[in-house]
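Commentary on secondary and tertiary structure
Letter by letter, the chains look like this.
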Amino acid sequence: MSTSDLSAFELYALHWDERDQAVTASFEGPLDDAARETWDAPPEHDWIRFHLRFAAVEDVEVRGWSYQLPTRVEQVSVGDRVKVTVTGEGTDVRFTSAPAVRVGSRTSQAGSL
């Protein structure tokens, strides 16, 4: 899976770390057969949670944050950086950063503890 293709997943948290000028975005969502293979998940797993870290964050603009679903996250490459937009009803957050790096993921069966 490309970290640019986030439309199938729900953003459930944004963590801002001003000390490291970084943002960690946390997502979750269903796994289909192709995604299960991409994430190296067992056949019985149908859900994923993962975290992407955007480092060297600059040009931050926050015009609203209401966290009402759906929230859309898009990344567009601009040279060696990415421009990230987080939008939704009442939400408009934008920044540039180094490309996202996956810092953790876990697959499971939906509804399992």
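Preceding this section is the structure that the text describes.
This one's a predicted model, so the numbers in the text were calculated from it and none came from an experiment.

Strand order in this open sheet of 4 strands is β1-β2-β3-β8, and the pairing throughout is antiparallel. If you trace the sheet from one side to the other, it starts and ends with β1 (10-17) and β8 (101-108), each paired once. In this sheet, neighbouring strand axes are inclined to one another by 15° on average, regardless of whether the strands run parallel or antiparallel. One ladder, built from 8 bridges, connects strand β2 (residues 22-30) with strand β3 (residues 47-54); its direction is antiparallel. Bridge pairing in β3 places V23 opposite F54.

The strand order β4-β7-β6-β5 describes an open sheet built from 4 strands, whose pairing is antiparallel. Every other strand in the sheet has two partners, leaving β4 (58-64) and β5 (71-78) as the edge strands with one partner each. Strand-to-strand twist of the sheet, defined as the mean angle between neighbouring strand axes without regard to direction, takes the value 10°.

For the coordinates displayed, the defined rule picks out 9 salt bridges. A salt bridge links R19 to D17; the shortest N-O distance between them is 3.2 Å. We classify D17 as buried; its relative accessible area is 12%. With its nearest N and O atoms 3.6 Å apart, the salt bridge here joins R81 to E58. Taken as a pair, R81 in strand β6 (residues 81-88) and E58 in strand β4 lie far apart in primary sequence, 23 residues in all. Ionic contacts of the salt-bridge type, sharing partners, join the residues E61, R63, D92 and R94 into one network.

The next point concerns the environment of P42. Following the sequence through the fold, P42 ends up in the loop between α1 (33-38) and β3. A sequence separation of 23 residues divides P42 from R19, and the C-alpha atoms of the two residues are 37 Å apart. In contact with P42, not counting residues within four places along its chain, are R36 and T107.

With that out of the way, let us pick up the packing of aromatic side chains. Counted according to the given criterion, the structure contains 5 aromatic pairs. Between F27 and F50, the aromatic rings sit 5.2 Å apart at their centres with planes inclined by 15°, giving stacked as the arrangement. In this pair, F27 is assigned in strand β2 and F50 in strand β3, connecting sequence segments 23 residues apart. Each member of the pair, F27 as well as F50, carries the same accessibility label: buried. Measuring from centroid to centroid gives 4.9 Å for W39 and F50, while their planes differ by 35°, and the two rings are tilted.

β2 sits mainly inside the fold: 7 of its 9 residues count as buried. One ladder, built from 7 bridges, connects β1 with β2; its direction is antiparallel. Across the sheet, H15 pairs through a bridge with T24, a residue of β2. Connecting β1 to the antiparallel partner β2 that follows it, the hairpin turn spans 4 residues, and Q21 within it adopts a positive phi of roughly 50°.

About the cut-offs
- Residues numbered from 1 in each chain as written.
- Predicted model: local features only at pLDDT ≥ 70, side-chain atom pairs only at ≥ 80, totals over all residues.
- Heavy atoms only, no water.
- Pairing = 2+ DSSP bridges.
- Helix = DSSP H or I, 4+ residues; strand = E, 2+ residues; numbered from the N terminus.
- Axes fitted to C-alpha atoms, helices over the stretch in contact; angles between N-to-C directions.
- Salt bridge = Lys/Arg side-chain N within 4 Å of Asp/Glu carboxyl O.
- Buried < 20%, exposed > 50% of the residue type's maximum accessible area, 1.4 Å probe, protein only.
- Contact = heavy atoms within 4.5 Å.
- Phe/Tyr/Trp six-rings, centres within 6.5 Å; stacked < 30°, edge-to-face > 60°.

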